[in-house]
Amino acid sequence: MKSFNLLSEPTEILYNQGKSAMTDYHIIAAIANIGVDKAREILKLADNRLSELAKWDMEKWLKIEGIGYTRATALVTSFELGRRRMVEHPDKRIKINCSQDVYNNMKPYLFDEVVEHFYIILLNRNNQVVKLHKISSGGTHGTLADPKLIFKKALDYLASGLILVHNHPSGNLTPSESDKRLTQRLIEVGKSLEIPVLDHLIFTDASYLSFADEGLI
């Protein structure tokens, strides 16, 4: 085992024990080039949750003593790089067999989001994803979803069916009355175009609600 008298504790652990031996605060310290004690303080501010830190923007990082633009940039972009890594998929098309598949595939897009986003997943006859498309983004309490835009995309990609997905940043899985009305309206349009709405998922970081599983479609 080598000893690095001039290097940091995170570097020593990484070299001698490997990356899996590093704690969360060791990794934060390494990314931001700060002391381990400072990294512990930062984690404590986020209730020791990386998911909370991932939501912090530049403005929030800059409020912390000792975190300037360079360190804030390193931290924000590191979390973004991790998110983008989750988005990558192999060349083989993803097949949707159940609502859990939808939830798992939407995690890279909706995890840690603090405003609502509305997506559609377009499927072929084999329930393989041919296109994932964001329809709109809104505030903390809602977003708009235009049926004309939704079904134009479905027609453009010759979709055989589609799944609706939107997140509730509040963590509340209960569908609102507007959620129900929109779903029903899109179901009716889908029937007329022979592009059925197969499900509508409400996404939160902790869990999800499937309209299809709950008998709402």
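Residues numbered from 1 in each chain as written. Predicted model: local features only at pLDDT ≥ 70, side-chain atom pairs only at ≥ 80, totals over all residues. Heavy atoms only, no water.

(A) Just the sheet that holds strand β3 (residues 161-167), in detail. Reading across from one edge, β2-β1-β3-β4-β5 is the order of the 5 strands in this open sheet, with mixed pairing throughout. The open sheet has two free edges, formed respectively by β2 (129-137) and β5 (208-210), since each of these has just one partner strand. Taken over all neighbouring pairs, the strand axes of this sheet differ in orientation by 20° on average, direction set aside. On top of the sheet, helix α8 (residues 147-156) reaches β1 (117-123), β2, β3 and β4 (197-203); it is set at about 30° to β1, its chief contact. Helix α9 (residues 177-193) rests against β1, β3 and β4 of the sheet, and its axis sits at about 160° to β4. (Pairing = 2+ DSSP bridges. Helix = DSSP H or I, 4+ residues; strand = E, 2+ residues; numbered from the N terminus. Axes fitted to C-alpha atoms, helices over the stretch in contact; angles between N-to-C directions. Contact = heavy atoms within 4.5 Å.)

(B) Looking closely at the packing of aromatic side chains. Enumeration over the complete set of coordinates arrives at 5 aromatic pairs. The interplanar angle of 65° and the centroid separation of 4.8 Å between the aromatic rings of W56 and W61 together place this pair among those described as edge-to-face. This pair shows no difference in class: W56 is buried, exactly as W61 is. With 6.2 Å between their ring centres and 80° between their planes, F111 and F203 make a pair best called edge-to-face. Taken together, the residues span a long stretch of sequence, with F111 in the loop between α7 (99-110) and β1 and F203 in strand β4 at a distance of 92 residues. Lying across the ring of Y25, R40 places its NZ or CZ 4.2 Å from the centre. (Phe/Tyr/Trp six-rings, centres within 6.5 Å; stacked < 30°, edge-to-face > 60°. Buried < 20%, exposed > 50% of the residue type's maximum accessible area, 1.4 Å probe, protein only. Lys NZ or Arg CZ within 6 Å of the ring centre and 35° of its normal.)

(C) Quick peek at the packing of helix α2 (residues 24-32) against helix α3 (residues 36-45). Between α2 and α3, the least distance of the axes is 8 Å, while the angle of their chain directions is 115°. One way to sum up the angle between α2 and α3 is to call them roughly perpendicular. Classified by chirality, the crossing of α3 by α2 is right-handed. Between α2 and α3, the residues in contact are D24, Y25, H26, I28 and A29 and V36, A39, R40 and L43, respectively. Residues that form the contact of α2 with α3 fall into these classes: 6 nonpolar, 1 polar and 2 charged. (Parallel < 35°, antiparallel > 145°, perpendicular 65-115°, else oblique. Left-handed = near helix turned anticlockwise from the far one by under 90°. Nonpolar A, V, L, I, M, F, W, Y, C, P; charged D, E, K, R; others polar.)

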